[in-house]
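Structural description and commentary
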Amino acid sequence: MTRKVVFPILLPILLLCLPYFMVAKSVIEPCNASDSCSSYLSYRLPLDSKISEIAFRFKVNVSDLLAANSIGSNQVNQIQPEKSFVKIPILCSCVNGIRRSSSTHYTIGVADTLMSISELYGGLVSAEQIGIANGVDAEHPLASGQSLVIPLPCTCFNNSNNDVDLIYMSYVVQSGDDLTRIAAEYGVTVGNLEIINGLGQPQIDPGDILAIPLAACSAANLNWYNESLIIPNGSYALTANNCIKCGCSSTDLSMECSASGIVDKCSHLQCKDSNLFIGENHEKHTASGNCNVTACIYRGHLGGKTFRSLVNSTDVKCLGNQSQHTGLSMASPATDLALSPSPSPYSAKSHTLELMNSSPAHRHSKKLLSQALHFSLLVLELILEIFL
């Protein structure tokens with residue numbers, strides 16, 4: 001066999017294998033504190049799964065998973081189809097100087113490999129990352145029954161950008177995706193995605209992980225006692241020992257809280273000196289055609305006690321009917337999700353779309369491409385030496 005015959009055969013094979021030598025890119029948020037924040041994962045199901053199974057897989061509360069996806073509290077056995085997307089609520093912590101969620105653990109089965117485990121988690125974490133995080137190598141292979149830490153990507157960025165309340169969601173780029181489609185899907189601009197993810201150009205590849213900002217309602221300015229809550233647009237959350245259900249209106253980003261109705265023994269839900277319960281209001285029409293509204297508002301909780309108060313609003317627009325759920329005095333500033341790039345603290349200087357690695361050392365994707373090409377040439381040279 002001559003060099004002229006071997007080279008045309010091997011070159012296409014090496015080019016096809018080249019993507020497998022490259023590492024997916026992801027935002028890495030440096031941190032130096034022990035604080036944590038609420039974050040989301042966009043999880044593409046590798047197989048049909050019940051809500052309860054997904055919750056167990058990620059070690060999250062099934063009620064929180066239902067809330068994040070606006071699914072009824074009695075639908076724990078609802079089956080989500082393969083290739084559908086589910087939002088996973090996670091706690092984003094500071095681990096070894098970078099933001100990462102490390103609360104998910106997986107018990108190895110007999111037939112498991114690092115690659116199969118990575119695929120089970122929808123490509124949110126690579127086989128290499130799982131191996132590094134758990135010290136898996138030739139001398140310390142996987143063992144059936146062993147528990148692995150699954151280091152999942154996440155970002156906090158103070159849950160805001162230019163005074164807009166946000167929750168950031170980690171999204172794995174799929175084949176056929178582009179920034180325009182992703183931006184339209186989640187109601188942001190291509191420019192926002194480029195800035196937040198430190199993209200020098202709008203080029204993304206399958207397997208890359210983007211941080212996507214989701215508009216949210218925050219309780220930061222609602223004078224709650226001993227509690228802070230942030231909820232993505234169109235979702236809800238349970239609080240006060242699951243006695244209170246708070247939702248984020250998709251129209252004006254106002255937070256509305258009421259009794260959840262899923263827990264039998266909930267006390268302190270009725271406002272003092274009133275027949276109203278949390279989330280209810282009473283309105284009285286005025287001569288001007290407006291209404292005086294009295295609402296029972298949620299104010300936080302401590303232990304088994306739920307705090308609430310009456311709020312009176314005079315000569316305001318009538319809400320419609322008496323004793324209805326209301327978001328009075330619970331509105332977050334209604335804004336369009338257009339994040340101004342100029343004063344943003346999350347510019348490419350503070351974080352860039354870099355290679356996700358368990359080490360805080362950041363490397364650029366061009367270096368990986370160069371290494372992959374160099375590796376391919378070495379393989380080609382070795383094969384040529386064998387055959388010639």
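Provided above is the structure to which this section pertains.
We now turn to the structure provided with this report. In this text the structure is predicted, and so the values were computed from the model without any measurement. (Residues numbered from 1 in each chain as written. Predicted model: local features only at pLDDT ≥ 70, side-chain atom pairs only at ≥ 80, totals over all residues. Heavy atoms only, no water.)

Moving on, we come to the layout of surface pockets. A volume near 610 Å³ is recorded for the second largest pocket. Taken together, 29 residues form the lining of the second largest pocket, with Ser 38, Asp 64, Leu 229, Ile 230 and Ala 237 sitting closest to its centre. For the lining of the second largest pocket, the secondary structure elements donating two or more residues are strand S2 (37-44), helix H3 (62-68), strand S5 (85-95), strand S9 (164-172), strand S11 (230-232) and strand S12 (236-239). A breakdown of the residues in the lining of the second largest pocket according to their chemical character gives 17 nonpolar, nine polar and three charged. (1 Å grid on protein atoms, 1.4 Å probe; cavity = no way out; pocket = protein on both sides within 12 Å on 5 of 7 lines; lining within 4 Å. Points joined across faces, edges and corners; volume = space filled by probe spheres on them. Helix = DSSP H or I, 4+ residues; strand = E, 2+ residues; numbered from the N terminus. Nonpolar A, V, L, I, M, F, W, Y, C, P; charged D, E, K, R; others polar.)

Our next topic: the pairing of S9. S9 sits mainly inside the fold: eight of its nine residues count as buried. Both S2 and S9 contribute to a ladder of three bridges, which runs parallel. Each bridged residue has a counterpart across the sheet, and for Ser 42 the counterpart in S9 is Tyr 171. As defined by bridge partners, strand S8 (residues 160-161) adjoins S9 across two bridges and the pair is classed as antiparallel. In the strand pairing of S9, Asn 161 is matched with Val 164. Sheet topology places S9 next to strand S10 (residues 209-218); seven bridges connect them, and they run antiparallel. Its bridge partner lying in S10, Met 169 is registered against Ile 212. (Buried < 20%, exposed > 50% of the residue type's maximum accessible area, 1.4 Å probe, protein only. Pairing = 2+ DSSP bridges.)

On to the pattern of salt bridges. Opposite charge on two side chains permits pairing when their charged atoms draw close. Inspection of every chain in the model, using the stated rule, returns six salt bridges. Close ionic contact of Asp 205 with Lys 25 constitutes a salt bridge, the shortest N to O distance being 3.3 Å. Residue Asp 205 is located in the loop between helix H7 (190-196) and S10, and its partner Lys 25 is located in strand S1 (residues 25-27); the two are separated by 180 residues in the primary sequence. Overall, the relative accessible area of 11% leaves Lys 25 in the buried class. One salt bridge in this structure joins Arg 99 and Glu 29, with 3.9 Å as the shortest N-O distance. Of the two residues, Arg 99 is situated in strand S6 (residues 98-107) and Glu 29 in the loop between S1 and S2; the sequence distance between them amounts to 70 residues. With a relative accessible area of 7%, Arg 99 lands in the buried category. One connected set of salt bridges, linked through shared partners, spans Lys 25, Asp 205 and Asp 208. (Salt bridge = Lys/Arg side-chain N within 4 Å of Asp/Glu carboxyl O.)

Overall, antiparallel pairing links the three strands, which are arranged S15-S16-S17 in an open sheet. Whereas interior strands pair on both sides, the edge strands pair on one side only; in this sheet they are strand S15 (281-285) and strand S17 (305-316). Strand after strand, the sheet turns through a mean of 20 degrees between neighbouring axes, direction not considered. Inspection of the sheet shows S15 paired to strand S16 (residues 291-302) by five bridges, in the antiparallel sense. Considered in S16, the bridge of Lys 284 is made with Asn 292. (Axes fitted to C-alpha atoms, helices over the stretch in contact; angles between N-to-C directions.)

Summed over the entire model, instances satisfying the criterion amount to eight disulfides. Across the disulfide from Cys 31 sits Cys 94; the S-S distance is 2.1 Å. Here Cys 31 and Cys 94 share a disulfide; its torsion about the S-S bond, 100 degrees, makes the bridge right-handed. Of this pair, Cys 31 sits in the loop between S1 and S2 while Cys 94 is found in strand S5, placing the two residues 63 residues apart along the sequence. Here Cys 271 is linked by a disulfide to Cys 296, with a sulfur-sulfur distance of 2.0 Å. Between Cys 271 and Cys 296 the disulfide shows an S-S torsion of about 90 degrees. By sign, it is right-handed. Here Cys 271 is found in the loop between strand S14 (255-259) and S15, whereas its partner Cys 296 is found in strand S16, with 25 residues between them in sequence. Considered together, Cys 271 and Cys 296 belong to a single accessibility category, that of buried residues. (Disulfide = S-S within 2.5 Å.)

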